[in-house]
Each structure stands twice: as C-alpha cells, then as structure tokens.
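Read off the chains here:
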Amino acid sequence: MKAIVIDRYGDAQELHEAALPVPTISADEVLVKMVATSVNPIDWRTRKGTAGLGAAFPMVLGWDVAGVITEVGAAVSRFKVGDEVIARPANSADATRGSYAEYVAVGEDQLALKPANISFKEAAAIPLSGTVAYQVIVNQLAVSKGDKVLIQGGAGGVGLYAIQIAKAQGAYVATTASVANHDLLRSIGADEVIDYHQTKFTDVLHDYDAVFDTTDDIENGLAILKPTGRLISIVGRPTAAQQNGHPSAKHWWLHPNGRDLAAVAELVAAGKVKVIIDSEYPLTTAGLQAAHQRSESHHAHGKIVITIADPPAK
Ligand SMILES: NC(=O)c1ccc[n+]([C@@H]2O[C@H](COP(=O)([O-])OP(=O)(O)OC[C@H]3O[C@@H](n4cnc5c(N)ncnc54)[C@H](OP(=O)(O)O)[C@@H]3O)[C@@H](O)[C@H]2O)c1
C-alpha cells in the first residue's frame, strides 16, 4: 500500500512516499480502507522528534482515520465489513501504524460510525481534535448551562470544536483569535471574541467558571477564574504554585476512545457542531510536506485534511 513515512526525525522534507505492507490486524482490531485523514500539531512534533512519541522507522505518522472497514478481527462484535467509520487510532507507541496510509488497523474500542450527513473529508477532521475538545469541555471541565467559559485559541482545530461543544452544553463562550477569524467564530456561536493582538483578555474577562487553554497561557487563564473556577491546558503543565491557587488546574492528554468520539459524531449529526476545514492536500510527498508546513504556521483556521481515495460509490 501507499504510505507517507519518515526514515529519521527532521523537517517536513523528511516526509516521503513509500510502499509498505498492508497492516495485519489482531483479534480486537479492524482494517480500515482509508478515504481521508488530517494533520495535527502532534504530527510535526513527532516528525521533529520532540513529542515523546515514536521510536521506530520507517514511521507512519497520522492520528485521524476516516474510511470503510474491509476486515474485522475474530473478537470484534460491534462493527462489520462495509461500515463507514472514524477513529483516533492508538498508532502503537512506536508510531509505525499511522493514518498517512491507504489502510490502517484500528482497535474496536477506538471506532465510531461516521456521521451520515458529512463527507469523509469532514469526518477525517473530527477524531483527534473533536475527542480532546469533548473530553476537556464535558468530562474534565464539566461545563454546564450558564457557565462562563474562555477558550484560548478558538480558531484552531481543537478550539473550533471546543466552542461548539461548550455552546451545546449551554455555556456563555468567550474566545481569543486574530481579527480575520472573528466572523467565523461568531458564526459557530462564540458570544465574545477577543483579538489577542490588540487586547489582553485579562483586562476584559472576569469571574469565569472555566478556561480551556490551547495556547500555553496558563497564568493569564488562571487570572480570570472565580476562586472555584477550573482550568485545563492541553499544551502546558500548571506549576505547583499555580495548582496551590487553583487545585483543579491541570494538563490533559487525549485518551483515544470510541465512546467520546461517538458523542462528538452525534453532535455533528444533529447539526450542533460543524466541521471547519482550513485546507486540503493529497496523500503525496508534496501534499504532506505542504500540509505539515501549514500546520507549523500556527495559523490554520480549522482542520488540514488529506485526501487518500475516492469515497465508496453509493
Ligand atoms: N494534550 C492533547 O491531548 C492535545 C490534543 C490536541 C492538540 N494539542 C495541542 O493543542 C494545541 C492546539 O492544537 P490545534 O490542533 O488546535 O492547533 P492549530 O489548529 O494548529 O491551532 C492554530 C490556531 O491557533 C491560533 N493561535 C495561535 N496563537 C494564538 C494565541 N496566542 N492566542 C490565540 N490563538 C492563537 C491561530 O489563530 P489566529 O490565526 O487567529 O492567531 C490558529 O487558528 C497544539 O499545541 C497541540 O499540540 C494537545
């Protein structure tokens, strides 16, 4: 099968096309024929060797699956051949079984059905970003009706889902972004959008119930919280001093799981969460190199999608 791999850590030029065997599945896995995937910051951090992931080469990066099941393991009970699925695959600790490939092996517990009302390209933009946004907003911050929530970095892959999930929970949502993204963020429900280039959000926001930090700005996030407020960062780690002031402040690392992913898929199917795509590239050497460079700009607004194959004929 075709895959995009790296043979050593380095810059985007290390990404190149290769022919690899189709993965063999274990009893609790399915084989997915890929239609699309997407690029996340963890991909280029792993490519550079700074993410603490990946230990074997050739390394197949990529943690977003959208495709069709072509084979199921003997112990798989909830999915069948022909199901259209999405997943944030575990991609084993050595990162050799990623989603920049025509076929990916995925554990049954990581799968969810693709929402029927969106394309595979949109579906590929959901798993990693959507799951972490859901886990932080719903499971960790327990955002509920009437809460005032700040989402730092609202125009990013994660921020766009977090805003919409927080709105679906009934929260009042403030967010930070460059002016060029303000109309987009209002269109998906943000109540207050702050241009972080012009205004310190600490000057205008006070007494917040919850802060979701996607920009490594914990100190300022803590400054706007009520004494009982909660903060989760998916980038930085609160110091002991910061946790003394706000014991609930903590770092969160995504736990891949099909149950939370299915909850996001249901919000998408219900029209409560829209998928926002920044750009689209093919599964080629040039395509992946350009996609990584776009992600490394830190200014993608929405998800960077990689097209792999035509969707199945209906
Ligand atoms: N712990 C985990 O499990 C986990 C999971 C997923 C992601 N992450 C991390 O979370 C971070 C965000 O991920 P992502 O996928 O959302 O990244 P992304 O899509 O690359 O984020 C790009 C966005 O960040 C915004 N931005 C950049 N600097 C900003 C600032 N100072 N204030 C406000 N917005 C800013 C940009 O908006 P403007 O163009 O408007 O400036 C751009 O839209 C990354 O560091 C990623 O590695 C962690």
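Residues numbered from 1 in each chain as written. Predicted model: local features only at pLDDT ≥ 70, side-chain atom pairs only at ≥ 80, totals over all residues. Heavy atoms only, no water.

Asker: If you had to explain the site of the ligand to someone new, which residues and values would you point to?
Answerer: Arg45, Ser178, Tyr196, His299 and Ala300 are the nearest of the 24 residues found near the ligand. In this structure, an oxygen atom belonging to the ligand sits 2.9 Å away from a main-chain N or O atom of Val158. Take His299: an N or O atom from its side chain is 2.7 Å from an oxygen atom of the ligand. When the ligand is considered free in solution it has 930 Å² of accessible area, and contact with the protein chains removes 85% of it. Among the cavities detected, the one that contains the ligand is the largest pocket. Mapped by element, the contributors of at least two residues to the shell around the ligand are α1 (41–48), α3 (127–140) and α4 (157–168). (Near = heavy atom within 4 Å. Polar contact = N/O pair within 3.5 Å; in protein donor to acceptor, adjacent residues only side chain to side chain. Areas by Shrake-Rupley, 256 points an atom, 1.4 Å probe, with all protein chains shown as cover. 1 Å grid on protein atoms, 1.4 Å probe; cavity = no way out; pocket = protein on both sides within 12 Å on 5 of 7 lines; lining within 4 Å. Sits in = over half its atoms within 2 Å of the grid points. Helix = DSSP H or I, 4+ residues; strand = E, 2+ residues; numbered from the N terminus.)

Asker: Provide a residue-level description of the packing of α1 against helix α10 (residues 285–296), including the pertinent values.
Answerer: Closest axis-to-axis distance for the α1/α10 pair is 9 Å, and the angle between their directions is 105°. As the angle between them shows, α1 and α10 are arranged roughly perpendicular. Touching Pro41, Asp43, Trp44, Arg47 and Lys48 of α1 are His292, Ser295 and Glu296, all from α10. Here the residues of the contact of α1 with α10 sort into two nonpolar, two polar and four charged. (Axes fitted to C-alpha atoms, helices over the stretch in contact; angles between N-to-C directions. Parallel < 35°, antiparallel > 145°, perpendicular 65-115°, else oblique. Contact = heavy atoms within 4.5 Å. Nonpolar A, V, L, I, M, F, W, Y, C, P; charged D, E, K, R; others polar.)

Asker: Hey, could you go over the layout of surface pockets for me, with residue numbers and the actual values?
Answerer: Its volume calculated, the largest pocket comes out at about 1,200 Å³. Along its surface, the largest pocket is lined by 46 residues, and Pro41, Val158, Thr214, Val235 and His298 are the ones closest to its centre. If you list the elements that add at least two residues to the lining of the largest pocket, you get α1, α3, α4 and β15 (303–307). It is α1 that provides the largest number of residues to the lining of the largest pocket, a total of four residues. Of the residues contributing to the lining of the largest pocket, the split by class is 22 nonpolar, 20 polar and four charged. The two domains that each donate at least three residues to the lining of the largest pocket are domain 1 (2–126 + 275–307) and domain 2 (132–251). (Points joined across faces, edges and corners; volume = space filled by probe spheres on them. Domains from an automatic or database assignment.)

Asker: Requested: an account of the nonpolar core, with residues and values cited.
Answerer: If you look at the biggest cluster of nonpolar residues, it comprises 89 residues, and the most contacted ones within it are Tyr100, Ile126, Ile137, Ile151, Ile165, Leu185 and Phe212. Two domains each put at least three residues into this core: domain 1 (2–126 + 275–307) and domain 2 (132–251). Ignoring sequence-local partners within four residues, the contact set of Leu185 consists of Gly154, Ala155, Leu160, Ile163, Thr175, Ala177, Ala190 and Val193. Core analysis: the second largest hydrophobic core is formed by 13 residues, Leu205, Ile218, Leu231 and Ala249 among them. (Core = buried A, V, L, I, M, F, W, Y, C linked by side-chain atoms within 4.5 Å. Buried < 20%, exposed > 50% of the residue type's maximum accessible area, 1.4 Å probe, protein only.)

Asker: So what about the pattern of salt bridges? Which residues, and what values?
Answerer: Evaluation of the coordinates by the stated rule reveals 12 salt bridges. Glu14 serves as the salt-bridge partner of Arg8, at 3.1 Å between the closest nitrogen and oxygen. Note that Arg230 and Asp147 form a salt bridge whose closest N and O atoms lie 3.3 Å from each other. In this pair, Arg230 is assigned in strand β12 (residues 225–233) and Asp147 in the loop between α3 and β8 (148–152), connecting sequence segments 83 residues apart. A cluster of three or more residues bridged by salt bridges with shared partners is formed by Arg47, Lys48 and Glu296. (Salt bridge = Lys/Arg side-chain N within 4 Å of Asp/Glu carboxyl O.)

Asker: Residue-level account of empty space enclosed by the protein, with values.
Answerer: Per the counting criterion, the structure on display carries one cavity of 30 Å³ or more. What the largest cavity holds in volume is close to 40 Å³. Leu160, Tyr161, Gln164, Lys274, Val275, Ile276 and Lys303 are the residues that line the largest cavity. Tallying contributions element by element places α4 first for the lining of the largest cavity, with three residues. Tallied by class, the residues present in the lining of the largest cavity amount to four nonpolar, one polar and two charged. Residues lining the lining of the largest cavity come from more than one domain, with at least three contributed by each of domain 1 (2–126 + 275–307) and domain 2 (132–251).

Asker: Give me unusual backbone geometry: which residues, what numbers.
Answerer: The omega angle of the peptide bond from Phe57 to Pro58 is 0°, so this bond is cis rather than trans. Relative to the elements of secondary structure, Pro58 occurs in the loop between α1 and β4 (65–72). For Ala142, which is not a glycine, the phi torsion comes out positive at approximately 50°. Relative to the helices and strands, Ala142 is located in the loop between α3 and β8. Here the phi dihedral of Asp216 falls at roughly 65°; this positive angle occurs in a residue that is not glycine. Structurally, the position occupied by Asp216 is in the loop between β11 (208–213) and α7 (218–223). Classification of Asp216 as partly exposed rests on a relative accessible area of 49%.

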